[in-house]
Amino acid sequence: MPAKATHATLAGRDAVYDRRARQGSVPVEFHFDDGSTLDGALILTTAELERLYAQTSRLLDAHERSLGGIP
């Protein structure tokens, strides 16, 4: 039975934007239940980048609130 992916984390390289393709690429590392990993990329359209930005902004706001920094 093949190993199943459990999660992905950001890889150590910077994200890049391809102007011609109008998409961004975020390097990630996939982690599997057998302990192995595999390098990959999260490819996002402009609309998906905007959606991810909105979602991560909300996460950061929640984090700040949990620390008492923002009411």
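What you are looking at is a predicted structure, and each value in this text was computed from that prediction instead of being measured. (Residues numbered from 1 in each chain as written. Predicted model: local features only at pLDDT ≥ 70, side-chain atom pairs only at ≥ 80, totals over all residues. Heavy atoms only, no water.)

**Q** Mind showing me how you'd approach the environment of S25 here?
**A** By the secondary structure assignment, S25 is in strand 3 (residues 23–32). For S25, a relative accessible area of 21% gives the class partly exposed. Once the C-alpha coordinates of S25 and D14 are considered, the two residues, 11 residues apart in sequence, prove to be 8.9 Å apart. Not counting residues within four places of it along the chain, the set of residues in contact with S25 comprises A15, V16, A41, L42 and I43. (Helix = DSSP H or I, 4+ residues; strand = E, 2+ residues; numbered from the N terminus. Buried < 20%, exposed > 50% of the residue type's maximum accessible area, 1.4 Å probe, protein only. Contact = heavy atoms within 4.5 Å.)

**Q** Quick question: what am I supposed to make of helix 1 (residues 46–66) here?
**A** Given 3.6 residues per turn, any residue in an α-helix points the same way as the ones three and four places further on. Here helix 1 contains 21 residues, and its C-alpha end-to-end distance of 30 Å stays within 8% of the 30 Å for a straight helix at 1.5 Å per residue. The positive-phi residue at the C-terminal boundary of helix 1 is G68, with phi of around 85°. (Expected span 1.5 Å × (residues − 1).)

**Q** Just to check I follow, could you spell out unusual backbone geometry for this structure?
**A** With the exception of glycine, most residues fall at negative phi, and the peptide bonds are largely trans. You will see that R22, though not glycine, has its phi angle at about 55°, which is positive. Tracing the sequence through the fold places R22 in the loop between strand 2 (16–18) and strand 3. For R22, a relative accessible area of 61% gives the class exposed.

**Q** Is there a simple way to explain the environment of D14 in this structure?
**A** In this structure, D14 sits in the loop between strand 1 (5–10) and strand 2. By relative accessible area, which is 67% here, D14 ends up exposed.

**Q** Is there a simple way to explain the pairing of strand 3 in this structure?
**A** Along a regular strand, successive side chains alternate from one face of the sheet to the other. Alignment of strand 1 against strand 3, held across five bridges, turns out to be antiparallel. The residue of strand 3 that forms the bridge with L10 is V28. Alignment of strand 2 against strand 3, held across three bridges, turns out to be antiparallel. Each bridged residue has a counterpart across the sheet, and for V16 the counterpart in strand 3 is S25. The antiparallel hairpin formed by strand 2 and strand 3 contains four residues in its connecting segment, where R22 sits at a positive phi of about 55°. Bridge count for strand 3 against strand 4 (residues 37–45) is nine bridges, and the pairing is antiparallel. Along strand 4, the bridge assignment pairs H31 with T37. (Pairing = 2+ DSSP bridges.)

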